[in-house]
2 protein chains.
Amino acid sequence: MAEHTVSFDIVSDRTTVQTGTLLTEAARLAGVEISQPCGGQGRCGRCMVQVQDGQIRRRSTLRLSTKDVELGFALACQAVVEGDVTVAVPPQEKVERRLSTDRTAAKVTVPTGYDYLSHQSIRRVNLTVSKPSMDDQSDDWSRLQTALRKKLEGDSPLDPEAGPFQMPPLRASLTLLRRLGRVLREGDWQVTAIVDIPSWQNGQTEARLIALLPGYTPDPSPLWGVAIDIGTTTVSLWLVDLISGEVKIQAAEYNGQIARGEDVISRIIYASKNSGDVEMRNLVLKTINQLLERAGSRAKIESKEIVKATVAGNSTMMHLLLGIPAESIRLMPFVTTVNSAPLTLAQEIGFAIHPEASVDCLPGVASYVGADISAGVLSSGMDDDEQVSLFIDIGTNGETVLGSSEWLVTCACSAGPAFEGAGVLHGMRATRGAIEEVWINSQSYEPNYRVIGETKPRGLCGSGLISLLAELFLNGVLDKAGNFNAFLPSERIRRGEHGFEYVIAWAAESQQGQDIVITHVDVDNLLRAKAAIYAGFKVLADSVGYPLEAVEQVLIGGAFGKYINVEKAVEIGLLPDMPWEKFHFLGNTAVLGAYRALLDRRARLRIGEIASRMTYIELSADNSFYDAFTSALFLPHTDLKLFPSVVQELEEIEKRQSVTTEKGR
Amino acid sequence: MAEHTVSFDIVSDRTTVQTGTLLTEAARLAGVEISQPCGGQGRCGRCMVQVQDGQIRRRSTLRLSTKDVELGFALACQAVVEGDVTVAVPPQEKVERRLSTDRTAAKVTVPTGYDYLSHQSIRRVNLTVSKPSMDDQSDDWSRLQTALRKKLEGDSPLDPEAGPFQMPPLRASLTLLRRLGRVLREGDWQVTAIVDIPSWQNGQTEARLIALLPGYTPDPSPLWGVAIDIGTTTVSLWLVDLISGEVKIQAAEYNGQIARGEDVISRIIYASKNSGDVEMRNLVLKTINQLLERAGSRAKIESKEIVKATVAGNSTMMHLLLGIPAESIRLMPFVTTVNSAPLTLAQEIGFAIHPEASVDCLPGVASYVGADISAGVLSSGMDDDEQVSLFIDIGTNGETVLGSSEWLVTCACSAGPAFEGAGVLHGMRATRGAIEEVWINSQSYEPNYRVIGETKPRGLCGSGLISLLAELFLNGVLDKAGNFNAFLPSERIRRGEHGFEYVIAWAAESQQGQDIVITHVDVDNLLRAKAAIYAGFKVLADSVGYPLEAVEQVLIGGAFGKYINVEKAVEIGLLPDMPWEKFHFLGNTAVLGAYRALLDRRARLRIGEIASRMTYIELSADNSFYDAFTSALFLPHTDLKLFPSVVQELEEIEKRQSVTTEKGR
């Protein structure tokens, strides 16, 4: 057999191996440590290396995109040496980052072509107001308007075919009018005006004076806005310079309402009692105002300098923020009071920004498909794409949108909070101490896991649960109905208080000194949750007669989506079985949509159009949902034709296990 | 000489007199009392009788209109018997009323053709909102809007050529949205909505929800609005049913700010010190809210039921009401902060009506030509009349408008408060105890006066001062320069502390037990005031090259105008010399204009047009004003050709005096 040399970039010596040797074996020989949490099964992707020169054969490219392959990336555990090769071993962090590159969409870029003068509804202008005299005694207010009109009509952003821009009637609060005369004189007739013109279309709208300051504002100075997403769990806030369009600060914090209930239903119930609504409102306002202060101090500005806000959030969060009773959201027939709230002012809503700043609560579609989803769809771009996309915001409600530039249908699956760790014995949120990824050895049934914060584990978060469920199933610990195989030779599979269970971590390894397990009841709850989500996809697709498998891309939004392992999610039948490349992780699409709407009035209009274009399908009123749900209550599904890659993987594992068994005889 | 019988309707016997006998003499013979305050000079009109049958000759028809003559009215002191006659002697009150018929325009009638559905911006509708169900889960807010749209687009008041009415986007406050769900359910999906659509033109405006109440409102029920005029002295308020258009209650009260200054200048000064602005605002709000309560309790409604208000007032009053500093009104170059304030809500401005009611502060023109004048012009109709009219609001500022449907010019004459009693030793406001009319006997120089409230006199109000000045001049007590004739044989003309003076009432007749006099200084002040007003007319007319004497009608508005005696005002040269018929007293034109604007959105638009159409002429910057003013500092004027009727009257009196003198020899 031919011999080849293998050079790893991180050691100086070359290693000689025979044709057909795996790179992992070569590395071991060379003394190079390569991570293999899945035990060299080619499934976790952690052993990724880059072949810089020479010939290898890839047994599997499961974790690799076409582009990865082009660039020479390979999984060391699946790469067979077929010539002299030079291999770069990236640091493990880099591999992790690469694996999740697509999903950390958080490095936000200013939308291409953003032009403050053309797209922003808020305009700050330096004005020289003509001085009154005995020959020109018009009032201060007209004088200001004349100066403003000249300025705005001068550098109008209107489409040329619409003709020259004519400034609409200007409004101002009494508070501003009361200061008007003094500000004009204090600035010696030079002032800075900040105006809001929601639609720069002739005859379509009105202009509102937000602020008037004595003197000119030097150029360039930022003009501040905030985009906010009020999640049930987390509130995210981006502080944005409306002129450059840049996101200057990103801040996030748990929603202060969490202490009064983990999910929207318990919040609604709490709010409907006594003065719970006032308390809920104050709690979320406190969170937002703390974030504003934090962002402000990081940017070295007063939060009062912020003159515009856009807000996304699910319908319950929006109602609680606005102080509108949310009770009807919870009760049949599940309607909101308002999906598209009128524009409000910061002082009305209670935001600690400029009191006259406009606060635009973005429009939602229904009780369980809120503004976070319309904003999410906008930022995903699916509404403007000829391809058919499936947009998913995985979380308690499992909001899903299917469609294209031609049509959009949406539903919410009421998955329940299982994937957020609730209703699962050792479930927890994705914080320090949560197991976020699990691999199980198909021979020994021993687990290998990764913990957030690299500490001892306390429990399992959503991605950990999905990962665990997939591993238990693929390795035969769970059968397709979700029942434990009690006959496997492992002490980790045992009968516990809640029926059969599997021990992920022994007491000694855990933070709290007790075994971390997943029980039969937990599995049942997770199955129901994933079945509800998948059934939602199915019903949506069926409702428009579009085959789910024909979907051209799957867009995953939401904070939870950021951490999800698609492959695992497909293996348990949570996500449809599609090639790796079709999945895209978009990060917090809601705050991204709010950011787009903050910058560009056309984007804002588009969110409104999206909200009204989406056909909402109420699953609890849909007869086909129950069938789709029960069919999906299996691992991965009753209809295995829908999950060909999982079938193939099961076959491979079985083959491997039978070989081992044979060997072991 | 032929004898004739004279029958008076109030006595049974006939009286026989010779041809040529005056009816006053016949009355004396018949024992019929006829009032002759002017001493039978044919000037006061109080001896008016109606000749029902027979022949008389009228020596003078000074006090009679053409129509009066047609109806047989005659002044008894000027009516010569030339045949058998039957005479009706009307009760004195009736004569008084007849003399001032034209001026008590206060019996308001609903504008001809007023149609609530076509003209009112506020609409109250009973709505049946569709119930939500699992098949129709749209939000409450859309549901309400759909019901409202159907209703409003169904009975649209639009011009047919404008196409069917399309309801504009609906806005509502957070307060209303917070109650929305509960109100809909409480009324079992039957509700009463009150909306404000300022302009019922497609694509021109927006609609605002003012109130939403559970259940239907039975028809007919009134829908309440108020028209308010904030005068420097008096606040007037009309409570109006917007559906029928009827004025249900009229109420008026002294402006509570009076205690802090009689005129606008002293109010501005007071407001500019410490927290004087807040105090001023609260004082006028207190007056308004007391009036609202009084009107409400008289109409048996809660003032919170009032859903719309329009407000007229001079620019200073408007600034003080809105809490906008008024300082610049007082200082060169005399500009306001705002002539046309944006629409506000009752809760913002502090009116004790429905908190979401719209409060429309009508637009003014300049610092000293305010919304009271634009509203006044509207209610006078001069802006829509081909005739050229002179509109006068006599008071401190003497606002004047000259024009027609083609053009309008305006000015304010800074007459000062002399005619309101200030700057005159025994001047006072027109309240109980004020002498409001004076007649002086041309032989004895003894006065005859009428006191408001038929009590002992305390002083003289504006109309009393005008009357007195005219009598003093006509009877030669004052010369044309306003100097006292010290040589007349009357103890009433004497040298006092302030130079020469005339005693109207001796101490014994007066309330305070001291002589009531008019001094040389008083006369000077009054001359200045009247000269300023007349000079204003002159400058206005000259500015457009229109001869003042060609003016087709003189429209007199304002509370003061209500009591003024035109003839006397002409005699002193305050008003231009024109036939009696050309003068029309319109009453409180400001509140009348506010009432029109309250009812009819076209009238409201017209006020805006009037305000912008009026060319304001600043007299203090006008070179010709000083000349016109000095020329007018005489009684009646240096140019006697401008006052032909006064010349004629002087000649008649002189003739009479010389006859008497000859007789007396």
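These numbers were taken from a predicted model, which means no experiment stands behind them.

Assigned domains of chain A: these are domain 1 (3-99), domain 2 (116-214), domain 3 (224-361), domain 4 (373-417 + 527-646) and domain 5 (422-517). Here the C-alpha centroids of domain 1 of chain A and domain 3 of chain A sit 48 Å apart.

Attention now moves to the sheet that holds strand S11 (residues 207-214) of chain A. Residue and element names in this part refer to chain A. Here we have 4 strands laid out as an open sheet, ordered S8-S10-S11-S9, and mixed in their pairing. Of all the strands in the sheet, just strand S8 (122-128) and strand S9 (170-171) have a single pairing partner and so form its edges. Here strand S10 (residues 190-196) runs beside S11; their pairing, made up of 6 bridges, is antiparallel. Pairing of Ile194 across the sheet is with Ala211, part of S11. Its contacts with the sheet place helix H5 (residues 140-154) against S8, S9 and S10, and it is angled at close to 115° to S8.

Let us look at the relation of the copies chain A and chain B. The two copies are related by a screw operation: chain A maps onto chain B through 180° of rotation and 0.1 Å of translation along the axis, at an RMSD of 0.1 Å. Between the two chains, the operation in question is that of a two-fold axis. Take the interface residues of chain A: 100% of them recur as interface residues in chain B, which is what a same-surface contact looks like.

Taken together, the contact pairs 37 residues of chain A with 37 residues of chain B. Of all the secondary structure elements, the ones that give two or more residues to the side of chain A that touches chain B are H5 and helix H6 (174-186) of chain A. Counting residues per element, the side of chain A that touches chain B draws most heavily on H6(A), which supplies 6 residues. For the side of chain A that touches chain B, the class distribution of residues is 19 nonpolar, 11 polar and 7 charged.

A word on the sheet that holds strand S18 (residues 389-393) of chain A. One open sheet holds the 6 strands; their spatial order is S28-S27-S18-S19-S20-S29 (chain A), and the pairing between them is mixed. Looking at strand neighbours, the two that pair on one side only are strand S28 (583-587) and strand S29 (615-616) of chain A, the edges of this open sheet.

All names here are of chain A. In a regular helix each residue adds 1.5 Å, so 24 residues correspond to 34 Å; helix H8 (residues 276-299) covers 34 Å between its end C-alpha atoms and thus fits that length. Taken together, the buried positions of H8 are Asp277, Met280, Arg281, Val284, Thr287, Ile288, Leu291, Leu292, Ala295 and Gly296. Of the surrounding elements, those touching the buried residues of H8 are strand S12 (224-230), strand S13 (234-241), strand S14 (247-254), helix H7 (264-271) and helix H9 (315-322). Positive backbone phi, approximately 60°, marks Lys300, located one or two places after H8.

To continue, consider the environment of B:Arg602. Residues and elements named next belong to chain B. Tracing the backbone through its elements, the reader meets Arg602 in helix H18 (residues 601-613). We classify Arg602 as partly exposed; it has 14 C-beta atoms within 10 Å. In the structure, Arg602 is positioned 483 residues away from His119 in sequence and 7.1 Å away in space, judged by C-alpha atoms.

Calculation notes
Residues numbered from 1 in each chain as written. Chains lettered and ligands numbered in written order. Predicted model: local features only at pLDDT ≥ 70, side-chain atom pairs only at ≥ 80, totals over all residues. Domains from an automatic or database assignment. Pairing = 2+ DSSP bridges. Helix = DSSP H or I, 4+ residues; strand = E, 2+ residues; numbered from the N terminus. Contact = placed C-beta atoms within 7 Å. Axes fitted to C-alpha atoms, helices over the stretch in contact; angles between N-to-C directions. Least-squares fit on C-alpha atoms with pLDDT ≥ 70 in both. Nonpolar A, V, L, I, M, F, W, Y, C, P; charged D, E, K, R; others polar. Expected span 1.5 Å × (residues − 1). Buried ≥ 20, exposed ≤ 12 C-beta atoms within 10 Å, placed from the backbone.

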